[in-house]
Amino acid sequence: QVKLVESGGGLVQAGGSLRLSCAASGDIFSVDAMGWYRQAPGKQRELVATISRGGRTNYADSVQGRFTVSGDFAKNLVYLQMDSLKPEDTAVYLCNLNRVKSARHFIIDAWGQGTLVTISS
């Protein structure tokens with residue numbers, strides 16, 4: 001019904017930058033918010049950044065000032081610009097669409113498979 005595909009992960013040195021992209025496709029009429037979560041080995045999934053249809057953004061304290069989330073709600077695209085990366089940013093980053101609506105369904109949370117980001121010290 002809804003498919004999310006992330007790209008842009010990889011290995012970079014501390015202090016470097018990466019830009020993640022996520023493209024959503026399928027039966028989508030509207031989305032209330034889009035964003036990124038991450039999960040490091042042995043840890044719970046945590047919110048990284050979200051953006052609402054109205055443009056309101058929300059960031060985890062740990063990435064505030066270093067990461068920037070943006071989105072195109074007309075095309076169901078969401079991006080995460082990550083600067084000043086730190087080894088503790090190493091994780092699988094997952095794209096999320098919140099409250100996905102169509103004529104046939106309502107999905108509270110749609111998830112991508114994730115893209116691995118590894119930061120070396």
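Residues numbered from 1 in each chain as written. Predicted model: local features only at pLDDT ≥ 70, side-chain atom pairs only at ≥ 80, totals over all residues. Heavy atoms only, no water.

Student: Teacher, can you tell me more about the state of the cysteines here?
Tutor: Formally, a disulfide is one covalent bond, and it connects the sulfur atom of one cysteine to the sulfur atom of another. In the structure shown here, the tally under the stated rule is 1 disulfide. Covalently, cysteine 22 is tied to cysteine 95 through a disulfide, its sulfur atoms 2.1 Å apart. Disulfide cysteine 22 to cysteine 95: torsion about the S-S bond roughly -85 degrees, handedness left-handed. Residue cysteine 22 is located in strand S3 (residues 18-26), and its partner cysteine 95 is located in strand S9 (residues 91-101); the two are separated by 73 residues in the primary sequence. For the pair shown, cysteine 22 and cysteine 95 are each scored as buried. (Disulfide = S-S within 2.5 Å. Helix = DSSP H or I, 4+ residues; strand = E, 2+ residues; numbered from the N terminus. Buried < 20%, exposed > 50% of the residue type's maximum accessible area, 1.4 Å probe, protein only.)

Student: Looking at this structure, I do not really get the packing of aromatic side chains. What am I missing?
Tutor: Under the counting rule described, the total for this entry stands at 1 aromatic pair. A centroid spacing of 5.0 Å and a plane angle of 75 degrees characterise the contact between tyrosine 37 and tryptophan 111, whose relative ring orientation is edge-to-face. A residue pair is termed long-range when its members are at least 10 positions apart, and tyrosine 37 in strand S4 (residues 30-39) and tryptophan 111 in strand S10 (residues 106-111) qualify at 74 residues. With a relative accessible area of 32%, tryptophan 111 lands in the partly exposed category. Of note, arginine 19 hangs over the ring of tyrosine 79, and the distance from its end group to the ring centre comes to 4.5 Å. Lying over the aromatic face of tryptophan 111, arginine 45 brings its terminal NZ or CZ to 4.4 Å of the ring centre. (Phe/Tyr/Trp six-rings, centres within 6.5 Å; stacked < 30°, edge-to-face > 60°. Lys NZ or Arg CZ within 6 Å of the ring centre and 35° of its normal.)

Student: Looking at this structure, how should I read the nonpolar core?
Tutor: Among soluble globular proteins, nonpolar side chains are generally buried collectively. In this structure, Trp36, Leu80, Met82, Tyr93 and Leu97 are the most contacted members of the largest nonpolar core, which totals 33 residues. Only S3, S4, strand S5 (46-52), strand S7 (67-72), strand S8 (77-82), S9, S10 and strand S11 (115-120) provide two or more residues apiece to this core. For this core, the element with the most residues is S9, which contributes 5 residues. (Core = buried A, V, L, I, M, F, W, Y, C linked by side-chain atoms within 4.5 Å.)

Student: Just checking my understanding: could you explain the pattern of salt bridges for this structure?
Tutor: Any two side chains of opposite charge can pair, on the condition that their charged atoms come close. Here the structure, examined in full by the defined rule, presents 6 salt bridges. Linking lysine 101 and aspartate 32 is a salt bridge whose minimum nitrogen-to-oxygen distance equals 3.6 Å. Of this pair, lysine 101 sits in strand S9 while aspartate 32 is found in strand S4, placing the two residues 69 residues apart along the sequence. Note on lysine 101: relative accessible area 30%, which makes it partly exposed. The partly exposed category is assigned to aspartate 32, whose relative accessible area is 27%. The salt bridge involving aspartate 89 is made with arginine 66; its shortest N-O contact spans 2.8 Å. Taken together, the positions of aspartate 89 in the loop between S8 and S9 and arginine 66 in the loop between strand S6 (57-59) and S7 put the pair 23 residues apart, joining distant regions of the chain. Residue classification places aspartate 89 among the buried positions, given a relative accessible area of 1%. Here the residues in one salt-bridge network are Arg38, Glu46, Arg66 and Asp89, joined through shared partners. (Salt bridge = Lys/Arg side-chain N within 4 Å of Asp/Glu carboxyl O.)

Student: Please explain the sheet that holds S7 as it appears in this structure.
Tutor: Note: strands within a sheet are paired through backbone hydrogen bonds, in either parallel or antiparallel orientation. The strand order across the open sheet built from 4 strands is S1-S3-S8-S7, with neighbouring strands paired in antiparallel fashion. Across the chains shown, the open sheet's two edge strands, defined by having one partner strand only, are strand S1 (2-7) and S7. Pairs of neighbouring strands in the sheet enclose a mean axial angle of 15 degrees, with direction left out of account. Sheet topology places S1 next to S3; 6 bridges connect them, and they run antiparallel. Among the inter-strand pairings, leucine 4 is bridged to a residue of S3, identified as alanine 24. (Pairing = 2+ DSSP bridges. Axes fitted to C-alpha atoms, helices over the stretch in contact; angles between N-to-C directions.)

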